[in-house]
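Structure at a glance
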Amino acid sequence: MGAWGAGPWENDGALDLRAEIEDGGLVVEDLAWAFEDEYLEVDGGQIALALVDLALAVRGLRPAPGDLDLGRVAPAFTPEVVAWIAEQADRTLAGPETSEAYELWEEAGSLDEWRLPAVAALAELRASTPAP
């Protein structure tokens, strides 16, 4: 049985991301597999929302998830990477046609519990991002 929760770090995809970061840091390019297809599988959506939360933590707007060393991952969060993360989060939150995570939360009858905090986090990330 896997982890399944509405928070950005309460699911298998995010927990796998966290373990990967703890083991070797964050190499964003290594996550490309999760976002290759037009339809975003559940792991990709979970990773995207965890990255939004992690970007907010790097900016001091959220606590670090667990005991992650933010200084170790902060260099990965360039403006280009943050824009890419926002794109992936948009895909995750857009609807069941583009996102398995959305579809599963909708089917479970808990869409707002999952989606509303994620939309707010994404808006907070965008508001904290300087214009190019």
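Residues numbered from 1 in each chain as written. Predicted model: local features only at pLDDT ≥ 70, side-chain atom pairs only at ≥ 80, totals over all residues. Heavy atoms only, no water.

The subject of this paragraph is the packing of aromatic side chains. For any pair of aromatic rings, the description rests on two quantities: the centre-to-centre distance and the angle between the ring planes. Inspection of every chain in the model, using the stated rule, returns three aromatic pairs. For the ring pair Phe35 and Trp84, a centre distance of 5.0 Å and an interplane angle of 80° mean the geometry is edge-to-face. Linking Phe35 in the loop between helix H1 (12-24) and helix H2 (42-58) with Trp84 in helix H4 (residues 79-94), this pair joins segments that are 49 residues apart in sequence. Residue classification places Phe35 among the buried positions, given a relative accessible area of 8%. (Phe/Tyr/Trp six-rings, centres within 6.5 Å; stacked < 30°, edge-to-face > 60°. Helix = DSSP H or I, 4+ residues; strand = E, 2+ residues; numbered from the N terminus. Buried < 20%, exposed > 50% of the residue type's maximum accessible area, 1.4 Å probe, protein only.)

Another aspect to go through is H1. The terminal C-alpha atoms of H1 lie 18 Å apart, and with 13 residues this matches the ideal 18 Å at 1.5 Å per residue to within 8%. When we look at burial in H1, the residues that qualify are Gly13, Ala14, Leu17 and Ile21. Within H1, the buried residues cover an arc of 95° as seen down the axis, which keeps them to one side. Pointing more than 90 degrees away from the buried face of H1 are the exposed residues Asp16 and Asp23. Turning to H1, the residues buried within the fold contact H2 and helix H3 (70-73). Looking one or two residues beyond H1, the residue adopting positive phi is Gly25, at roughly 95°. (Expected span 1.5 Å × (residues − 1). Arc of directions from axis to C-beta. Contact = heavy atoms within 4.5 Å.)

Inspection of every chain in the model, using the stated rule, returns five salt bridges. Measuring nitrogen to oxygen at the nearest pair gives 2.6 Å for the salt bridge that ties Glu124 to Arg62. Here Arg62 lies in the loop between H2 and H3 and Glu124 lies in helix H6 (residues 111-127), a separation of 62 residues in the sequence. For Glu124, a relative accessible area of 27% gives the class partly exposed. With relative accessibility at 27%, the residue Arg62 sits in the partly exposed group. With a closest N to O distance of 2.5 Å, Arg126 and Asp90 form a salt bridge. (Salt bridge = Lys/Arg side-chain N within 4 Å of Asp/Glu carboxyl O.)

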